[in-house]
Amino acid sequence: MTLPYQSDFIELCMQVGVLKFGNFKLKSGRDSPYFFNAGLFNTGAAISAVGRAYAAAVAASDVSFDMLFGPAYKGIPLVTATAAALAETQDRSLAFAFNRKEAKDHGEGGSIVGGPLQGRVLIVDDVITAGTAIRESIDIIKAAGASPAGVLLALDRQERGGDSGLSAVQEVREQFGIPVIAVIGLAELIQHMQDLGRTAEVSSMRHYRDRYGATSADRAGLTD
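Description of the structure in this document.

Topic: the packing of aromatic side chains
Argument step 1. Applying the stated criterion across every chain yields a total of 4 aromatic pairs.
Argument step 2. Consider the rings of Phe36 and Phe41, whose centres lie 6.5 Å apart with planes at 70°: the pair is edge-to-face. Of the two residues examined, Phe36 and Phe41, each falls in the buried class.
Argument step 3. Linked through ring pairs, Phe9, Phe36 and Phe41 together constitute an aromatic cluster.
Argument step 4. Over the aromatic face of Phe65 sits the side chain of Arg92, whose NZ or CZ is 4.6 Å from the ring centroid.

Here is the structure:
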């Protein structure tokens, strides 16, 4: 069963072209029946809706945090929109920050923009593929003397990555011992399309899941 904010988010993704169905070649070499491109959240209305979806996902979780951090580059608008939505919808006005790809050697200098990294920091990004951006973010947070509280994502593809049989999300959980919250996962996407009667898309996604789904299905939320 998908929650209202999850269904609304999926509909938004389809409306603005962030989520497409068909046949797509991924960087991994896999042929995927769907493609997700968060870079197409490129209007004020769309990014505002994304922020509300992220805030709703946080509210539905039990993760405790003091501030937000968005890794450059896609994490920058996402963390900004999420911070604004938390203030607007949950009356939580929290500090947020993001990093520069290259440190600035003039003006205020440094590589971090926004509030100082302190306390428990929630990392905000779009998806986890190799997990590189998350690892870099954790290093940045720890170097500042703060601690990572968890990761907030738009989508968990819930498919295994390397030889471990775990998904990229599961690998982050296992390696760093922090929770990962996703607005939607493949399970919710399949359920929503099934509710819409989109049988062709449901069939292709289930076939893809059967072939590439993470081994630890109970922990990845892959069971129907």
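Past the structure itself, the notes keep going.
Some points on the layout of surface pockets
Argument step 1. Put simply, the largest pocket is a space of about 960 Å³.
Argument step 2. What lines the largest pocket is a set of 34 residues, and nearest its centre among them are Lys27, Val127, Ile128, Thr129 and Ala130.
Argument step 3. At the level of secondary structure, the elements contributing two or more residues to the lining of the largest pocket comprise strand E2 (31–36), helix H4 (132–143), strand E7 (147–156) and helix H5 (168–176).
Argument step 4. Ranked by residues supplied to the lining of the largest pocket, first place goes to H4 with 3 residues.
Argument step 5. For the lining of the largest pocket, the per-class residue count stands at 15 nonpolar, 9 polar and 10 charged.

Parameters at a glance
- Residues numbered from 1 in each chain as written.
- Predicted model: local features only at pLDDT ≥ 70, side-chain atom pairs only at ≥ 80, totals over all residues.
- Heavy atoms only, no water.
- Phe/Tyr/Trp six-rings, centres within 6.5 Å; stacked < 30°, edge-to-face > 60°.
- Buried < 20%, exposed > 50% of the residue type's maximum accessible area, 1.4 Å probe, protein only.
- Lys NZ or Arg CZ within 6 Å of the ring centre and 35° of its normal.
- 1 Å grid on protein atoms, 1.4 Å probe; cavity = no way out; pocket = protein on both sides within 12 Å on 5 of 7 lines; lining within 4 Å.
- Points joined across faces, edges and corners; volume = space filled by probe spheres on them.
- Helix = DSSP H or I, 4+ residues; strand = E, 2+ residues; numbered from the N terminus.
- Nonpolar A, V, L, I, M, F, W, Y, C, P; charged D, E, K, R; others polar.

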